[in-house]
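Coordinate analysis (summary)
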Amino acid sequence: MTVSRESFYGPLDDVSGDAGYTEHPERVGFFTDTSVCIGCKACEVACKEWNLLPDDGFDLLGMSFDNTGELSANSWRHVAFIEQPAPPRESAPAREADAVDLGLPSFDLPGAGTGEETRTDFRWLMSSDVCKHCTHAGCLDVCPTGALFRTEFGTVVVQDDICNGCGYCVSGCPYGVIDRREDDGRAWKCTMCYDRLGDGLEPACAKACPTDSIQFGPLDELRERARERVATLHDRGITEARLYGEDPNDGVGGDGAFFLLLDEPEVYGLPPDPVVPTRDAGSMWARAGVAAAAFAATAVSVFFGRSRR
Amino acid sequence: MGSNMAEAHPVGFQWVMEAKARGAKVLHIDPRFTRTSALADKHVPLRAGSDIAFLGGVINHILSNDLDFREYVRAYTNASFLVGEEFVDTEDLDGLFSGYDPETGTYDTSTWQYENGFPEDSVESERHREQSAGEQHGSGGPKLESGTGIATDQTLEHPRCVFQILKRHFSRYTPEMVERICGVSREDFLEVCRAWTSASGREHTAALVYSVGWTQHSMGAQYIRAGAIIQLLLGNIGRPGGGVLALRGHASIQGSTDIPTLYNLLPGYLPMPDARHADKRDYVESIRGTHQKGYWHNADDYIVSLLKEYWGEAATEENDYRFDYLPRIDGDHGTYRTVMDMIDGKVFGYFLLGQNPAVGSAHGRLQRLGMANLDWLVVRDLTMIESAEFWRNAPEIETGEITAEQCRTEVFFFPAASHVEKEGTFTQTQRMLQWRDRALEPRGDQRSELWFIYHLGRILRRKLATSTDERDRPLLDLAWDYRTEGDGEFPEPSADDVLRRINGVDLTTGELLDSYQQLTSDGTTAAGCWIYSGVYAGGVNHARNRTARTEQDETALEWGWAWPANRRVLYNRASADPQGRPWSERKKLVWWDAERGEWTGHDVPDFPKTTPPEFEPEYGEAGPGALAGDDPFIMQADGKAWLFAPSGVVDGPLPTHYEPHESPMPNLLYGQQGSPARKVYGREDNPSNPAPPEGGGDVFPFVFTAARLTEHHTAGGMSRQLAYLSELQPALFVEVSPQLAAERGLENLDWAHVVTSRAAVDARVLVTERMRPLRLDGRVVHQVWMPYHWGPSGKVDGDVVNDLLGVVLDPNTMIQESKVATCDIRPGRRPRGCELLEYLAEYRRRAGVTVETGTHVVTAHTTASDAAATSDTTAPGSTGSHTTAQGTTDREEDA
Amino acid sequence: MGVSDWIRSWPVYRQLTGADRLGRGDAAASPQSREREPRTADADRVTASVCPYCAVGCSQNVYVGSDDGGERVLQIEGNPDSPISRGRLCPKGSASKQLVTGDHREERVLYRAPYGTEWQELDLPTALDMLADRVLDARRKGWQDTDADGKPLRRTQGIASLGGATLDNEENYLIKKLFTALGAVQIENQARI
């Protein structure tokens with residue numbers, strides 16, 4: 001294993017192998033199909049029950065049914081609710097006819113312009129957000145203590161027995177996912193239930209999800225399934241369906257947790273074009289590699305020299 | 001309709017999503033755009049309380065366009081049966097049916113009977129209504145004296161056949177009328193009609209889902225009747241993928257109806273005896289017809305077996321199996337009547353067993369004032385709920401209506417064991433019993449209800465052991481010898497033993513029974529709930545069957561046990577055609593195997609196993625043997641599904657649109673405004689907001705409706721105490737449309753308060769496009785929605801939404817109308833303390849509310865006696881001309 | 001831990017000697033990460049249960065373990081075998097562990113005397129005995145032998161009960177049976193609401 005530019009940016013086929021696991025299970029991930037999300041928040045609760053997370057306070061946010069607000073140290077799943085006009089469908093009946101049928105002026109009177117005439121033009125989107133477990137994870141790359149690491153499953157996990165709360169990872173995440181807990185200052189985020197994976201269990205959120213909006217499995221399989229799902233939705237006239245985070249050519253080398261969205265990512269509070277902040281670390285390594293290796297070798301020889309005494 | 005399945009039953013909703021993925025179309029017809037609407041192919045909003053107008057429109061659409069599944073309808077429903085000449089429809093009586101008594105507000109159903117069917121014994125309708133008569137007839141459905149020999153017209157042309165009566169009754173439910181009443185555009189309405197009818201027939205079935213959005217109305221049973229009529233006309237009953245599916249809201253609410261903790265029922269839908277029943281024979285004769293068809297004819301077997309389980313060896317043939325030990329009802333003893341009796345000082349002790357009426361029942365103030373006027377109150381719950389602490393945290397403390405120092409009610413709080421700390425069965429919403437194993441022991445004083453009731457009974461019996469008082473005999477003779485587990489004075493009773501005795505035992509052999517068909521009336525069988533007989537068939541607890549779904553077919557008969565007889569689709573004989581062949585290969589479920597001479601299929605056939613399709617009973621036959629081979633509805637007195645209900649529904653043989661008790665709208669279809677048979681209680685402590693034709697309704701101009709959120713559970717006792725749920729919905733809010741917000745000056749997240757003549761309730765404002773004003777008959781009507789999970793206790797608290805509601809009941813079920821009322825909404829918080837009482841009084845003054853308001857239920861411009869006397873009666877008033885035209889036409893046909 | 005083990009446990013050693021030259025994966029795993037296992041692996045037993053909230057009837061597996069404080073619920077999650085729920089749970093079902101293990105649960109009998117302003121504790125047998133006396137008293141005060149026409153009623157209107165939809169069938173059966181034998185008729189539950 002050599003250190004290469006691919007270790008920091010661009011497509012990377014074997015993310016676990018790159019992290020030093022010579023024999024390892026398939027890379028796993030989440031495919032969150034928001035087109036079947038019912039916004040029940042079972043994922044949020046199942047995550048907290050399993051991971052024994054504290055509550056996040058009791059604040060009514062007034063943002064539709066979202067009272068979690070965002071992913072945080074204590075909320076590793078977050079369901080966003082978006083109330084918006086729906087895109088026009090070919091099958092939708094012409095609404096002008098209704099206006100005529102009403103036989104009434106549709107101006108000034110409160111409510112006058114809002115009978116049933118725009119009902120089919122409205123929709124309510126729901127989406128369960130989570131750590132993306134990036135192929136190139138900024139949080140991991142900037143962590144100075146080794147608290148963040150890549151697991152054999154290709155996921156990214158904060159080790160709370162190592163983390164010293166420096167907070168570099170918080171700014172290292174292009175999605176704004178990782179967060180420090182106020183009381184102990186350490187960084188916390190989704191582990192994709194690392195402890196469960198080792199025992200062959202699926203993550204708590206995916207297991208609970210009533211409609212299978214959150215699907216867990218080998219990433220390659222999920223990507224294939226997701227592409228088929230998009231095709232099906234397109235066939236049914238849901239032309240706005242698109243995948244987010246599944247492309248290995250994107251700024252983070254593709255996400256381990258990717259999404260099927262029904263609108264632009266920004267609508268869901270997701271960055272449209274995330275880029276790992278350490279994208280150039282690979283070329284920096286190339287320049288600094290020799291010096292670094294020499295330095296390290298010296299350090300080790302000193303260490304061993306001492307040990308032997 | 002009337003269901004928010006994705007939010008209230010999320011895990012059940014996976015099957016809707018699965019069906020949708022396979023190409024099913026999902027329509028959500030509901031006042032509010034919910035998480036269910038978000039996932040549906042189409043959401044059709046309608047005014048809360050207008051569902052029957054909508055459903056009537058669908059029925060009219062089906063009948064006017066010959067879209068019914070005629071072969072199914074003719075063979076399996078009572079469409080061809082002739083109704084007696086005395087019957088007069090709402091068409092001719094301005095919204096009333098014949099037999100109405102304006103003095104008592106009840107119907108005498110004798111004019112609704114079939115021709116040639118023996119009329120019922122003279123019906124004491126007042127008493128019928130008082131006793132929740134729909135259930136008075138038990139699971140067998142209403143009685144008919146004879147199931148055979150009913151006059152029919154197979155051409156369905158006779159003007160008095162059910163099919164034609166139906167056609168005429170719903171003829172004025174036009175798309176235009178649906179638009180004016182419900183606020184649903186003609187296009188949307190017709191799209192629903194098209195989708196529903198095209199998804200039904202030989203090759204297809206459509207399922208109808210409802211919940212308490214339908215039941216909690218002053219005519220809730222008729223909402224469901226209307227849905228059932230559509231499903232029957234389209235051939236969607238008894239077939240896979242069809243049905244009328246009631247999604248119930250509590251883990252064992254089905255079980256607590258089957259094995260009722262309800263005043264008017266004994267286990268297995270046997271009615272509670274009333275004061276008219278001198279003896280058991282009287283009782284049995286009154287609940288089933290001598291010559292009626294089907295399994296309800298065997299009611300004597302069921303009641304005797306129950307009495308044998310209750311009183312064991314003390315129940316003998318000589319003493320009428322101690323039928324005289326059963327207490328008698330003679331009116332309404334429902335929970336709302338009882339609460340008023342508490343206020344009136346007639347009730348002394350009250351048990352609350354896992355229920356929180358201070359928050360969860362309609363008219364919370366009435367509930368709390370009732371509790372404050374008891375000798376004692378017992379609360380058993382997992383946690384400290386509002387009903388246990390009303391004496392120190394009721395809203396009435398602030399207004400001075402309750403003060404601890406002056407409240408005499410003694411309160412006992414007993415901590416309860418949770419679902420994992422006890423074993424036993426829940427019956428879920430598809431009638432399936434599932435056994436829970438005990439995971440661990442409860443802590444401290446936490447105990448199961450089984451323990452509590454068993455030992456309370458034991459202590460009571462001990463205290464009375466030497467009593468010679470006749471009234472104590474039922475308790476002292478009670479079979480209270482259940483097996484226990486553990487030592488000491490207070491061992492845990494065995495739920496397994498209780499279930500065995502519910503299943504039933506052959507007393508001559510001691511063997512467990514395999515089926516309710518083994519029950520007898522000669523005292524040799526004992527069974528606690530006849531419909532549950534078979535759950536322990538072969539000595540095996542089938543409720544504990546847990547064969548993985550991957551190891552059986554999709555009917556999954558080896559998972560749990562569904563009553564009756566583990567049948568998963570009720571009346572599944574109807575999944576085959578009259579000749580016993582599946583209607584189609586796609587939709588096959590149960591069929592006749594001529595070679596083996598029996599019914600077979602994927603499900604357990606819900607039909608006498610060897611009765612062939614072509615079988616015809618002799619005239620005058622009775623019981624299961626009287627079922628013809630094409631009588632799939634084996635619990636019905638005539639073997640057929642009832643489009644028209646000649647008895648058993650006290651507020652009309654056909655669903656009819658009436659306005660809710662409180663409504664901003666006049667009834668556009670009839671002069672009769674609200675249900676003429678609804679139960680009203682005109683009391684100072686139960687005021688109603690005015691509704692047309694009463695004036696003053698404009699003080700409460702908005703339609704109010706309330707419901708659940710996914711994140712909470714009913715009155716909050718199992719969710720507001722949990723941080724993980726409370727943080728997801730931390731505060732009470734009220735949803736309003738942007739238009740209403742503008743009209744009333746409401747800002748998102750600011751405080752507002754909702755007002756009725758009963759209460760004012762604070763809530764945070766959620767302005768949302770999901771709430772949509774409706775245009776109704778040329779005017780804009782706003783709807784206001786609130787979740788009802790909050791109260792003064794818990795990690796998150798808030799005002800009690802149920803305080804806004806009054807008590808007005810469906811006369812069939814005695815269930816309150818809590819899904820619709822009228823209200824006002826104002827920005828800012830409500831007044832506190834005494835000022836609140838003055839504020840409400842001022843609202844009532846402005847609206848002209850008195851004790852009389854809403855109690856004059858008859859507004860039709862004709863009466864039943866008028867119509868019975870003259871055949872050309874027409875209704876004056878706004879709908880008069882319409883009525884005249886229809887009435888005249890039909891009279892001519894009659895002649 | 002021997003010295004060589006100690007050295008091998010040093011991430012930088014592992015980084016330089018193993019395949020994880022960047023120290024972002026295998027080499028960086030902490031002792032806790034290497035020894036991790038789900039807490040359900042510690043369960044003494046798994047019992048089959050059913051969710052106590054709505055009436056869908058989702059199957060639950062209850063993982064029970066024990067420590068110094070006695071037995072406790074480690075985890076509750078869906079049972080994939082169920083043809084109803086396929087192992088899935090809604091947020092309430094997913095919160096079941098908090099429901100049964102949370103500190104909101106009362107463990108002691110509490111008693112509020114007439115005109116009292118506070119709760120007081122009462123032992124369970126005493127409370128049951130007191131209650132039995134009160135049941136008999138209320139029953140007597142509300143007793144009705146006959147109606148106005150002299151027809152037997154054999155009942156009391158002095159005692160009412162509400163609840164059952166969250167209880168087991170076996171419990172409802174005993175409730176109805178006992179109250180019926182007592183002559184109490186105002187026995188109701190959520191199904192009326």
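Residues numbered from 1 in each chain as written. Chains lettered and ligands numbered in written order. Predicted model: local features only at pLDDT ≥ 70, side-chain atom pairs only at ≥ 80, totals over all residues. Heavy atoms only, no water.

1. Structural notes on the overall build of chain A
Applied cut-off: For the purposes of this entry, the term helix denotes a DSSP run of H or I that reaches at least four residues, the term strand denotes a run of E that reaches at least two, and both are numbered from the N terminus. Throughout this description, buried means an accessible area under 20% of the type-specific maximum (1.4 Å probe, protein chains only), exposed means over 50%, and partly exposed covers the range between. Areas reported here follow the Shrake-Rupley algorithm with a probe of radius 1.4 Å; residue values treat only the protein chains shown as occluding.
Along chain A, the regular secondary structure elements total 9 helices and 10 strands. The buried share among the 309 residues of chain A stands at 57%. A total of about 12800 Å² of accessible surface is found on chain A, and carbon and sulfur atoms cover 53% of it.

2. Some details on unusual backbone geometry
What you tend to see is this: most non-glycine residues have negative phi, and most peptide bonds are trans. Residue B:Pro564 is reached from B:Trp563 by a cis peptide bond, and omega for that bond is -10°. With respect to the element layout, B:Pro564 can be found in the loop between β18 (561-562) and β19 (590-593). Omega for the peptide link from B:Pro692 to B:Pro693 comes to 5°, which places this bond in the cis form. By secondary structure assignment, the location of B:Pro693 is in the loop between β21 (679-680) and β22 (702-707). In this model, C:Arg86 sits at a positive phi of 50°, which is unusual for a non-glycine residue. On the secondary structure map, C:Arg86 appears in the loop between β3 (70-78) and α4 (91-94).

3. So, the sheet that holds strand β1 (residues 45-50) of chain C
Residues and elements named next belong to chain C. How we decide: Whether two strands pair comes down to DSSP finding at least two bridges between them. Throughout, an axis means a line fitted to C-alpha atoms (over the contacting stretch in the case of helices), and angles, computed between N-to-C directions, take values from 0 to 180 degrees.
Taken together, the 3 strands give an open sheet; going across it, the order is β1-β2-β3, and neighbouring strands pair in antiparallel fashion. Two strands bound the open sheet, and with one partner strand each, they are β1 and β3. Taken pair by pair, the neighbouring strands of this sheet meet at an average axis angle of 30°, ignoring direction. Bridging between strand β2 (residues 59-67) and β3 involves 8 bridges; their strand directions are antiparallel. By the bridge assignment for β3, Asp 67 is matched with Gly 70.

4. Focus on the interface of chain A and chain B
Interface size, as often reported, equals the accessible area lost upon joining of the parts. Heads up, the rule is: Should any heavy atoms of two residues lie within 4.5 Å, those residues are counted as being in contact. Note on definitions: buried area is the accessible-area loss of two parts on being combined, 1.4 Å probe, summed for both. Take a side-chain nitrogen of Lys or Arg and a carboxyl oxygen of Asp or Glu: if they are within 4 Å of each other, that pair is a salt bridge. For this classification, Asp, Glu, Lys and Arg are treated as charged, while Ala, Val, Leu, Ile, Met, Phe, Trp, Tyr, Cys and Pro are nonpolar and the rest, including Gly, are polar.
The interface of chain A with chain B comprises 49 residues on the first partner and 55 residues on the second. In this assembly, chain A packs against chain B so that about 4300 Å² is buried in total across both faces, 61% of it on carbon and sulfur atoms. Our enumeration of links across chain A and chain B arrives at 3 salt bridges. The residue A:Lys48 makes a salt bridge to B:Glu727 at a minimum N-O spacing of 2.9 Å. For the side of chain A that touches chain B, the secondary-structure elements that each account for two or more residues are α2 (42-51), β2 (77-85), α3 (96-102) and β3 (122-130) of chain A. Among the residues making up the side of chain A that touches chain B, the classes are represented as 21 nonpolar, 13 polar and 15 charged.

5. As for the nonpolar core
For clarity, the threshold we go by: Buried Ala, Val, Leu, Ile, Met, Phe, Trp, Tyr and Cys residues that are joined via side-chain atoms within 4.5 Å together make up what is termed a nonpolar core.
In terms of nonpolar packing, the biggest core is built from 340 residues, with B:Phe54, B:Phe351, B:Phe452 and B:Phe704 touching the most fellow members. For this core, the leading source of residues is helix α6 (residues 124-141) of chain C, giving 9 residues. When residues no more than four places from it in sequence are discounted, the contact partners of B:Phe351 are B:Trp376, B:Val378, B:Phe452, B:Leu456, C:Leu131, C:Val135, C:Ile159, C:Ala160, C:Ser161, C:Leu162 and C:Phe179. One finds B:Val11, C:Tyr53, C:Val56 and C:Cys58 within the second-largest nonpolar core, a separate group that totals 30 residues.

6. A closer look at the UniProt feature "binding site: [4Fe-4S] cluster 1" (unreviewed entry) in chain A
Put simply, the rule is: UniProt positions are given in the numbering used here, feature names are shortened, and annotations may be inferred rather than shown by experiment.
Under the feature "binding site: [4Fe-4S] cluster 1" (unreviewed entry), the UniProt entry names A:Cys37, A:Cys40, A:Cys43 and A:Cys209. These annotated residues cover 173 residues of sequence, and their C-alpha atoms lie no more than 10.6 Å from one another, placing them together at a single site. With respect to the helices and strands, the residue A:Cys37 is situated in the loop between β1 (28-33) and α2. A:Cys37 sits in the buried class, given a relative accessible area of 8%. Once you skip the residues sitting within four places of it in the chain, A:Cys37 turns out to touch A:Val79, A:Met126, A:Ser127, A:Thr211, A:Ser213 and B:Leu39.

7. Topic: the sheet that holds strand β8 (residues 214-218) of chain A
Residue and element names in this part refer to chain A. Taken in spatial order, the 4 strands make up an open sheet running β8-β1-β10-β9, and their pairing is mixed. Every interior strand has two partners, whereas the edge strands, β8 and β9 (242-244), have only one. This sheet shows a mean twist of 25° between the axes of neighbouring strands, independent of strand direction. Relative to strand β10 (residues 257-261), β1 is paired through 4 bridges, and the arrangement is parallel. When the sheet's bridge partners are listed, Phe 30 is paired in β10 with Ala 257. Sitting on the sheet, helix α8 (residues 219-235) touches β1, β8, β9 and β10, and the angle it makes with β8 is about 135°.

8. Overview of the interface of chain B and chain C
Of the residues lining the interface, 167 residues belong to chain B; the matching set on chain C comes to 120 residues. Across the chain B/chain C interface, buried area totals approximately 12700 Å², and carbon plus sulfur atoms make up 61% of it. When the buried area of chain B at its contact with chain C is split by residue, B:Thr261, B:Arg471 and B:Arg549 rank highest and sum to 6% of it. A salt bridge links B:Asp445 to C:Arg108, with the nearest nitrogen and oxygen atoms 3.1 Å apart. For the side of chain B that touches chain C, a count of residues per class yields 86 nonpolar, 45 polar and 36 charged. In this sheet, strand β4 (residues 110-112) of chain C lies alongside strand β11 (residues 410-415) of chain B in antiparallel orientation, the contact comprising 3 bridges. Looking at β4(C), one finds that B:Phe413 is bridged to C:Leu110.

9. A few points about helix α23 (residues 495-503) of chain B
In terms of residue burial, α23(B) counts as a mostly covered element, since 8 of its 9 residues are buried. Within the sequence span of α23(B), burial applies to B:Ala495, B:Asp496, B:Asp497, B:Val498, B:Leu499, B:Arg501, B:Ile502 and B:Asn503.

10. Focus on the pattern of salt bridges
By the definition in use, this model includes 107 salt bridges over all chains. As a salt-bridge pair, B:Arg47 and B:Glu659 come within 2.7 Å of each other at their nearest N and O atoms. Here B:Glu659 lies in the loop between β20 (598-601) and β21 and B:Arg47 lies in the loop between β2 (42-44) and α4 (51-64), a separation of 612 residues in the sequence. Comparing B:Arg47 with B:Glu659, the two get one shared label, buried. Put simply, B:Arg160 and B:Glu115 hold a salt bridge, and the shortest N to O gap is 2.5 Å. With B:Arg160 in the loop between α7 (133-136) and α8 (162-169) and B:Glu115 in the loop between β4 (106-107) and α6 (125-130), this residue pair connects regions lying 45 residues apart in the sequence. Each of the salt bridges in this network shares a partner with another, and the network as a whole consists of B:Glu309, B:Asp481, B:Arg483, B:Asp496, B:Asp497, B:Arg500, B:Arg501 and C:Lys177.

11. Focus on the packing of aromatic side chains
How we decide: Think of it this way: a Phe, Tyr or Trp ring, Trp meaning its six-membered ring, pairs with another when their centres are within 6.5 Å, and the plane angle makes it stacked under 30 degrees, edge-to-face over 60, tilted otherwise. For a ring to carry a charge above it, either NZ of a lysine or CZ of an arginine must fall within 6 Å of the ring centroid while also lying within 35 degrees of the normal to the ring plane.
Evaluated as defined, the whole model comprises 57 aromatic pairs over all chains. Both rings, one in A:Tyr175 and one in A:Tyr244, keep their centres 6.5 Å apart while their planes meet at 80°; by these two values the pair is edge-to-face. Of this pair, A:Tyr175 sits in the loop between α5 (168-172) and β6 (179-180) while A:Tyr244 is found in strand β9, placing the two residues 69 residues apart along the sequence. Given a relative accessible area of 6%, A:Tyr244 falls into the buried group. Seen in terms of ring centroids, B:Tyr454 and B:Trp480 are 6.1 Å apart; in terms of plane orientation they differ by 15°. Their pairing is stacked. Of this pair, B:Tyr454 sits in helix α21 (residues 449-463) while B:Trp480 sits in the loop between α22 (473-476) and β14 (484-485), placing them 26 residues apart in sequence. In textbook terms, an aromatic cluster arises when at least three aromatic residues are bridged by ring pairs, as seen for A:Phe65, A:Phe81, A:Phe122, A:Trp124, B:Phe33, B:Phe733 and B:Trp785. It is B:Lys588 that lies over the ring of B:Trp591; its NZ or CZ is 4.5 Å from the centre.

12. Examining the environment of C:Asp44
Residues and elements named next belong to chain C. As for its position among the elements, Asp 44 is in the loop between α3 (31-34) and β1. What makes Asp 44 partly exposed here is its relative accessible area of 47%. Setting aside residues up to four positions removed in sequence, Asp 44 forms contacts with Val 64, Gly 65 and Ser 66.

13. Structural notes on the UniProt feature "binding site: [4Fe-4S] cluster 2" (unreviewed entry) in chain A
Residue and element names in this part refer to chain A. Residues given the UniProt feature "binding site: [4Fe-4S] cluster 2" (unreviewed entry) here are Cys 47, Cys 190, Cys 193 and Cys 205. Across 159 residues of sequence, these annotated residues stay compact in space, with a maximum C-alpha separation of 10.4 Å. Tracing the backbone shows Cys 190 in the loop between β7 (187-188) and α6 (194-197). The class for Cys 190 is buried, based on a relative accessible area of 8%. The residue Cys 205 is located in helix α7 (residues 204-208) in this model. The exposure class assigned to Cys 205 is buried, which follows from its relative accessible area of 6%. Beyond its immediate stretch of four places on either side in the chain, Cys 205 contacts Phe 30, Cys 43, Ala 46, Arg 77 and Ile 214.

14. Examining the environment of A:Gly217
All names here are of chain A. One can find Gly 217 in strand β8. For the pair Gly 217 and Glu 202, spaced 15 residues apart in sequence, the C-alpha to C-alpha distance is 8.1 Å. Not counting chain neighbours up to four residues away, the residues in contact with Gly 217 comprise Arg 27, Val 28, Gly 29 and Leu 222.

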